[in-house]
Amino acid sequence: MSTPAAPLAAQAATSGEFLTFTLGKEEYGVDILKVQEIRGYDAVTRLPDAPDYIKGVINLRGTIVPVIDMRVKFRLEAKVDALTVMIVLNVADRVVGMVVDSVSDVAQLTAEQIRPMPEVGTGIDRRFLTGIGALEERMLILLDIEGLMTSTEMGLVVDNATAQAA
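The rules behind each value
Residues numbered from 1 in each chain as written. Predicted model: local features only at pLDDT ≥ 70, side-chain atom pairs only at ≥ 80, totals over all residues. Heavy atoms only, no water. Phe/Tyr/Trp six-rings, centres within 6.5 Å; stacked < 30°, edge-to-face > 60°. Buried < 20%, exposed > 50% of the residue type's maximum accessible area, 1.4 Å probe, protein only. Helix = DSSP H or I, 4+ residues; strand = E, 2+ residues; numbered from the N terminus. Lys NZ or Arg CZ within 6 Å of the ring centre and 35° of its normal. Pairing = 2+ DSSP bridges. Salt bridge = Lys/Arg side-chain N within 4 Å of Asp/Glu carboxyl O.

K.L.:
It is not clear to me how the packing of aromatic side chains should be interpreted in this structure. Could you clarify?
P.N.:
Ring pairs (aromatic) are described by centroid distance and by the angle formed between their planes. Tallying each qualifying case throughout the model produces two aromatic pairs. Here Phe-21 and Tyr-28 contribute two aromatic rings whose centre-to-centre distance is 5.8 Å and whose plane-to-plane angle is 15°, an arrangement assigned as stacked. Residue Phe-21 shares its accessibility class with Tyr-28, and that shared class is buried. On the basis of an interplanar angle of 35° and a centroid distance of 5.9 Å, the ring pair of Tyr-28 and Phe-74 is categorised as tilted. Residue Tyr-28 is located in strand β2 (residues 26-31), and its partner Phe-74 is located in the loop between α2 (70-73) and β6 (85-91); the two are separated by 46 residues in the primary sequence. Each member of the pair, Tyr-28 together with Phe-74, is buried. Ring-pair connections join several aromatic residues into one group, and the members of that group are Phe-21, Tyr-28 and Phe-74. Against the face of Tyr-53 rests Lys-73, its NZ or CZ located 4.5 Å from the ring centre.

Pasting the structure below:
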């Protein structure tokens, strides 16, 4: 039996504050509550045999942090310049760095401003797109960053049972 509160809870989960950033010519948004800090792009230590989009790791105040270049992951041009930044995220009790072209601002979106993703093919698995944020003349592609970073295709989170068997 469903309760009247269930749709409200689902609606509340889709509204909130989103850190906006650019990848190529598009603007994206992630839940601000997943963001730990924003920092300039630093040199990373490459890991042998890692996929191209895993740039390597950095030492962030004693924590070894994997760094993902979202531009490479989404098959975009990945040039490093003065605007290139790293967004440090807390996802699934892990710290992960995400390299993007630039950070724009923090946008407040209501549930009414968030539209479902259209049924079109993209380079991103639709499971990791939560919707389109319509903000005046801007359109934000909203990412389920926790779902994306913890997906098996990213290879960042290893199942403990699998790790022990190896």
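K.L.:
Whenever I open this one, the sheet that holds β2 confuses me. Can you help?
P.N.:
One key point about sheets: their strands pair by backbone hydrogen bonds, in either a parallel or an antiparallel sense. With mixed pairing, six strands are arranged side by side in an open sheet as β8-β1-β2-β11-β10-β9. The open sheet has two edge strands, β8 (102-109) and β9 (114-115), and neither has a second partner. Examined bridge by bridge, strand β1 (residues 16-23) and β2 share six bridges and lie antiparallel to one another. In the strand pairing of β2, Leu-19 is matched with Val-30.

K.L.:
Is there a simple way to think about the pattern of salt bridges in this case?
P.N.:
A side chain of one charge can pair with a side chain of the opposite charge when the charged atoms of the two come close. With the rule as written, the count across this model stands at nine salt bridges. When the shortest N-O distance is used, the salt bridge between Glu-146 and Lys-34 registers 2.4 Å. Placement of Glu-146 in helix α3 (residues 145-149) and of Lys-34 in the loop between β2 and β3 (35-40) is noted, with a sequence separation of 112 residues between them. Since its relative accessible area comes to 23%, Lys-34 is described here as partly exposed.

K.L.:
Looking at this structure, how should I read unusual backbone geometry?
P.N.:
Apart from glycine, the bulk of residues carry a negative phi angle, and the bulk of peptide bonds sit in the trans form. If you check the backbone angles, Asp-49 has positive phi at about 65° while not being a glycine. The topology assignment puts Asp-49 in the loop between β3 and β4 (54-60). At Glu-136, a residue that is not glycine, the phi angle is positive and equals roughly 50°. Following the sequence through the fold, Glu-136 ends up in the loop between β10 (129-135) and β11 (138-143).

Just geometry here; none of it tells us what the structure is for.
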